[in-house]
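# Descriptive structure summary
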Amino acid sequence: MQATEYVPIPPPVGYRPPWEEDNSEPPASEPPIDLAAQRERKREERARRSRVRKAAPACPIRPGEPCTLCQAFVTGPQDCQTVRLVMEDDELREILAQKRREYIARTKGSRASSATGNAGYGG
């Protein structure tokens, strides 16, 4: 058998191995780091993120209420066993539909009364 000859691959142009780099001073082209400005930017970013509200999934069984993850290992209404059972049973689904109609009628009634109650104000 003939032994294969090892031919080293030349490094890319401009490459310096980490052990040969001189890290004593930053390059002159980079501006000095302003730590106070970095902290302020991070503080502003956290404040902005805290103002952004994420939508909470609504509970399909309790109209008008958010999903409270009332069962163990549930991430929302999409994998809730109670929701699945209610949606598979025709009688329970009809009761749920009636509760939704009542909730919608109540919320529409309260919105209409609050809208007309504020109509005469401001004069």
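The structure we're discussing is the one just above.
Residues numbered from 1 in each chain as written. Predicted model: local features only at pLDDT ≥ 70, side-chain atom pairs only at ≥ 80, totals over all residues. Heavy atoms only, no water.

On inspection of all chains with the given rule, the structure shows five salt bridges. Glu40 is paired through a salt bridge with Arg43; the nearest N and O atoms lie 2.7 Å apart. Separated by three residues within a single helix, Glu40 and Arg43 lie in helix H1 (residues 35–51), roughly one turn from each other. With relative accessibility at 35%, the residue Glu40 sits in the partly exposed group. Glu88 serves as the salt-bridge partner of Arg84, at 3.1 Å between the closest nitrogen and oxygen. In this pair, Arg84 and Glu88 are both assigned in helix H2 (residues 81–88), four residues apart and thus about one turn of the helix distant. A residue is classified by how much of its surface remains accessible, and Arg84, at 40% relative accessible area, is partly exposed. Its relative accessible area of 52% is what places Glu88 among the exposed residues. (Salt bridge = Lys/Arg side-chain N within 4 Å of Asp/Glu carboxyl O. Helix = DSSP H or I, 4+ residues; strand = E, 2+ residues; numbered from the N terminus. Buried < 20%, exposed > 50% of the residue type's maximum accessible area, 1.4 Å probe, protein only.)

Next up on the list: the environment of Lys99. Mapped onto the secondary structure, Lys99 falls in helix H3 (residues 90–117). Overall, the relative accessible area of 46% leaves Lys99 in the partly exposed class. For the pair formed by Lys99 and Ile61, sequence separation is 38 residues and the distance between their alpha carbons is 8.9 Å.

The phi dihedral of Leu69 is positive, around 50°, even though this residue is not glycine. A relative accessible area of 42% means that Leu69 is categorised as partly exposed. Backbone geometry places Phe73, a non-glycine residue, at a positive phi of 65°. Tracing the backbone through its elements, the reader meets Phe73 in the loop between H1 and H2. By relative accessible area, which is 84% here, Phe73 ends up exposed.

Considering the arrangement of structural elements, one finds Thr107 in helix H3. By relative accessible area, which is 17% here, Thr107 ends up buried. In terms of polar contacts, Thr107 uses its side chain to reach the backbone carbonyl oxygen of Ile104, at 3.0 Å. (Polar contact = N/O pair within 3.5 Å; in protein donor to acceptor, adjacent residues only side chain to side chain.)

Note that every value here comes from positions in space, so none of it alone points to a role or purpose.
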